[in-house]
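Architecture at a glance
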Amino acid sequence: MSLALRFKLSAMMFLQFMLVAVFWVQLSSYLDNMKITGVMFSLIMSTMAIGSIFSPLVGMFADRVANSERVLAVLNFLVAVSLGAAFMTTDPTMIFVWLLLTMCLYMPTWGLTSAIAMTNSTAEAFPLIRVFGSLGWVCAALFAIIAKAAFGETIDGTNVPLICASIVALVAAIFALFLPATPPKSKGEPMSVADALGLRAFGMLKDKNTAIFMGCVVIWTIAFTIYWMYGSFLSSLGVTEITPTLNVGQISELLFMVLIPVSIKYIGFKNTMALGILAMFVRYLLSAFAPEMHALYWGAIAVHGIIFGFFFVAAQMYIDKKAPADIKAQAQGLYFFFYGVAQIVGTFFSKWLIDSYTTETPAAAAGAAADLTTKWASIFTVETIITGVLLVVFVFFFKNDVKQAKD
C-alpha cells in the first residue's frame, strides 16, 4: 500500500470520527443547559444508537448501486446540512428531529469507512488506519481549546459545537471525493427483496459461530454503554475535570489500537477479543471498589484502549474475514445494526440500573432540593457479573474459525 493511499484512508478516519466527537461528547451538557430533560433527553441521547440500525441498508447501496466513496460524500454533505439545522433551532422537538436525521445519515458511515479501508488495504493493516479515528476523537477537543484561547469563552454546553461539526462534515464530504474508487462488487446482479433492504448479510447468522459472536457483541455493547454515563460516576468521586480525565481512555485507545495486528497475528482473533472482554471485567471490578479507593478509577479508564480496540475493532476485522466478497459493506452494516440495537437497550438498561440504586434523601432545610445518593459500587458489581458471564460464554462457545496472517 502506497504512502499516499495510507494517508487518504487515515485522513478519512480522522475526519469521520472528529465529526461526531466535536458535538456528541458535550451534547448532554448542552441539553441540560437547554432544560431538556426526561423522555426527550433520553430520545436525543439515543439517536446515535437508532442511526446504527440503518447501517445494513446503506451497506447494500454501497455493495450494489454506487461507489462507496461517493455514498460517503453524499452522506457527509447531508450530515453537514442537518447539523446546521440543529444549530439554528432551540425547540427541543426539532433538535431531536434534526439530530435523529443526522445520526441516521452519519452512523452508517462507520461501517462504510471500515469497508472502504479494508477493501483498499488489508484487514491486518486496518487498525493502523483506524487509529486515526481515535486521534480525531481526541483532537475534537481542540475546537473548545481554540475557542477558549481566542474568545475567552467555552463552547461546551452551547450549540456552537453543532456548527463546528457541520463544518467538519462538509470538509469530510469534499475529501471523500478524492478517496480511492471503491466500486460496488455486486452491481448489475439480480436483486431480491432481501438484497434491496440490505438484509442479505443477515444470512450470515445461519452460521452458528457467527450467531454466537453477534450475541456476544450485543451483550458486550449493553454492558459497555454505561461508560457513556461515566461522567456522573466521576462527579460523585469529586472529579471536576471530567473531559480531560476521560481523555486518558482515548489516549489508551491510540496506544493499544496499533497492537491489534500483533495480537491477532500471534494469539488469534478469539484470544484478542477475549482480552478485550477481560479488560472490561477489570474496568467494572475497579469501578466497584473506586468509591472506597478513589484512585482506582484511573485504572478503570486506562483499560479503555484494550476494551475498545481488542474487542470492538477486532470484531470488525473478524466480520470482514467471515463475509463473502460481494456483501462486505453489508456485513459491516450488520455489525453496526446489532451494535445500535444493543446500544438502545443498553442506554435504557443503564438508566434503569442507576435509578434502581439511587435513593432520595429529604433535604435538611425547608424548601431545599432533596439529595440523591447513588450506590455506584452496587451498579458496577452488577456490570462486573454481566461481563464475567459474557467472558465465560465467549471463551467456551465461540470458535476461532478464521485464519489470520502469519507474516
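Residues numbered from 1 in each chain as written. Predicted model: local features only at pLDDT ≥ 70, side-chain atom pairs only at ≥ 80, totals over all residues. Heavy atoms only, no water.

Helix and strand counts for the chain come out as 20 helices and two strands. Here the C-alpha atoms of the chain give a radius of gyration of 21 Å, agreeing with the 22 Å that 2.2 N^0.38 yields for 407 residues. Over its C-alpha atoms, taken along the principal directions, the chain stretches across nearly 75 × 50 × 40 Å. Considering the chain as a whole, with its 407 residues, one finds that 52% of them fall into the buried category. The long-range fraction of contacts in the chain, counting pairs at least 24 apart against all pairs at least 6 apart in sequence, stands at 84%. (Helix = DSSP H or I, 4+ residues; strand = E, 2+ residues; numbered from the N terminus. Rg over C-alpha atoms; globule rule 2.2 N^0.38 Å. Buried < 20%, exposed > 50% of the residue type's maximum accessible area, 1.4 Å probe, protein only. Contact = heavy atoms within 4.5 Å.)

All right, on to the packing of aromatic side chains then. Overall, the coordinates contain 34 aromatic pairs when judged by the stated rule. A ring pair is formed by tryptophan 110 and phenylalanine 336, whose centres lie 5.9 Å apart and whose planes are at 75 degrees; its orientation type is edge-to-face. In this pair, tryptophan 110 sits in helix α8 (residues 108–120) while phenylalanine 336 sits in helix α19 (residues 328–356), placing the two residues 226 residues apart along the sequence. On the basis of relative accessible area, tryptophan 110 is assigned to the buried category, the value being 6%. The buried category is assigned to phenylalanine 336, whose relative accessible area is 1%. Note that arginine 130 overlies the ring of phenylalanine 17, its terminal NZ or CZ placed 4.0 Å from the centroid. (Phe/Tyr/Trp six-rings, centres within 6.5 Å; stacked < 30°, edge-to-face > 60°. Lys NZ or Arg CZ within 6 Å of the ring centre and 35° of its normal.)

Side chains that differ in sign of charge can pair as their charged atoms come close. Enumeration over the complete set of coordinates arrives at three salt bridges. Note that aspartate 401 and lysine 322 form a salt bridge whose closest N and O atoms lie 2.8 Å from each other. With aspartate 401 in the segment after α20 (376–397) and lysine 322 in helix α18 (residues 304–322), this pair connects stretches of sequence that are 79 residues apart. Assessed through its relative accessible area of 22%, lysine 322 is described here as partly exposed. (Salt bridge = Lys/Arg side-chain N within 4 Å of Asp/Glu carboxyl O.)

For the rest of this paragraph, the subject is a nonpolar patch on the surface. Taken together, the side chains of Leu128, Val258, Leu259, Val262, Tyr266, Ile267, Leu275, Leu278 and Val282 define a hydrophobic patch exposed on the protein surface, amounting to about 720 Å² of accessible area. Here the element with the most residues in the nonpolar patch is helix α16 (residues 260–289); it accounts for six residues. Looking at the element boundaries, valine 262 is found in helix α16. According to the relative accessible area criterion, valine 262 is partly exposed, its value standing at 43%. (Patch = residues over 30% accessible without salt bridge, like charges linked within 9 Å, V, L, I, M, F, W, Y side chains within 5 Å. Areas by Shrake-Rupley, 256 points an atom, 1.4 Å probe, with all protein chains shown as cover.)

Helix length check: helix α13 (residues 208–224), at 17 residues, gives a terminal C-alpha distance of 24 Å against a target of 24 Å (1.5 Å per residue), a fit within 8%. Every buried residue of α13 is listed here: Asn209, Thr210, Phe213, Met214, Cys216, Val217, Trp220, Thr221, Ile222, Ala223 and Phe224. Those residues of α13 hidden inside the fold are in contact with α16, α18, α19 and α20. (Expected span 1.5 Å × (residues − 1).)

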